[in-house]
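Below are the chains, spelled out letter by letter.
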Amino acid sequence: MNIGEASGRSGLPAKTIRYYEDIGLIRPDRGDNGYRDYGADDVHKLRLLHRSRSLGFSVDECRQLLALYEDKSRASADVKEIATSKLIEIDRKIRELAELRRTLEHLVHACHGNDRPDCPILEELSEG
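All values derive from a computational prediction rather than experimental measurement.

With that settled, consider the overall build of the protein. When helices and strands are tallied, the protein shows 6 helices and 2 strands. Ordered by position from the N terminus, the helices and strands of the protein form the series α-α-β-β-α-α-α-α. Rg of the C-alpha trace for the protein: 23 Å, well past the compact-globule value of 14 Å for 128 residues, more than 25% over. Its C-alpha atoms give the protein principal-axis dimensions of roughly 75 × 35 × 20 Å. Classification of the 128 residues of the protein by burial places 23% in the buried group. Within the protein, counting contacts between residues at least 6 apart in sequence, those at least 24 apart form 44% of the total. For the protein, the accessible surface area stands at approximately 9,200 Å², while carbon and sulfur atoms represent 52% of it. Across the protein, the mean location of the 21 positive side-chain charges is 5 Å away from that of the 24 negative side-chain charges.

So, in structure tokens, the structure goes:
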């Protein structure tokens, strides 16, 4: 199938598919005419990449997951280790965002939001 069809089946834009090929994540066959020829396995890999990226995995982590996907003798513990590391990273980011939210919420409540020029938000931001 051509890149347009692979794009439709995987949910990825053709530009992203070309990028994944450029960085070596996928290697579609080439026809005699030089055009890419995507097979069902390529589409499965593209879907894996699409879903992995949507879950926050980096390109390098996707490369590791894809290598494990292709390795039929893989240990599921290796996949779980990558996913667990991502989960720990997400939990850390959630804690950081919650702290940012508390700080910003405090600043918003401290500001009267009236016509006067004094603003606790700007004062705090300029001190920080």
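It is worth spelling out the environment of E21 at this point. Along the polypeptide, E21 turns up in helix α2 (residues 14–22). Residue E21 is classed as buried on the basis of its relative accessible area of 17%.

According to UniProt, the positions carrying the feature "domain: HTH merR-type" (unreviewed entry) are residues 1–68. For residues 1–68, the helix share is 62%, the strand share is 6%, and the end-to-end C-alpha distance is 25 Å.

Turning to the side chain of K45, a few remarks are in order. Of note, K45 is situated in helix α3 (residues 40–54). Residue K45 is classed as buried on the basis of its relative accessible area, which comes to 13%. Excluding residues that lie within four positions of it along the chain, K45 makes contacts with I26, L66, Y69 and E70.

All told, the structure shown has 0 disulfides when counted by the stated rule. Residue C111 stays outside any disulfide, its sulfur separated by 4.0 Å from that of C119, the closest cysteine. On the accessibility criterion, C111 (22% relative accessible area) is partly exposed. By relative accessible area, C119 is classed as buried at 16%.

We now examine the packing of α3 against helix α4 (residues 59–70). α4 packs onto α3 with a crossing angle of 140° between their chain directions and a minimal axis gap of 10 Å. With respect to their mutual orientation, α3 and α4 come out oblique. Note on packing geometry: the crossing formed by α3 with α4 is right-handed. Where α3 abuts α4, its residues D41, H44, K45, L48, L49, S52 and R53 lie against V59, C62, L65, L66, Y69 and E70. Classifying every residue of the contact of α3 with α4 by side-chain character gives 7 nonpolar, 2 polar and 4 charged.

Analysis parameters
Residues numbered from 1 in each chain as written. Predicted model: local features only at pLDDT ≥ 70, side-chain atom pairs only at ≥ 80, totals over all residues. Heavy atoms only, no water. Helix = DSSP H or I, 4+ residues; strand = E, 2+ residues; numbered from the N terminus. Rg over C-alpha atoms; globule rule 2.2 N^0.38 Å. Buried < 20%, exposed > 50% of the residue type's maximum accessible area, 1.4 Å probe, protein only. Contact = heavy atoms within 4.5 Å. Areas by Shrake-Rupley, 256 points an atom, 1.4 Å probe, with all protein chains shown as cover. Lys, Arg positive; Asp, Glu negative; His and termini not counted. Charge placed at Lys NZ, Arg CZ, Asp CG, Glu CD. UniProt positions renumbered as here; feature names shortened; annotations may be inferred. Disulfide = S-S within 2.5 Å. Axes fitted to C-alpha atoms, helices over the stretch in contact; angles between N-to-C directions. Parallel < 35°, antiparallel > 145°, perpendicular 65-115°, else oblique. Left-handed = near helix turned anticlockwise from the far one by under 90°. Nonpolar A, V, L, I, M, F, W, Y, C, P; charged D, E, K, R; others polar.

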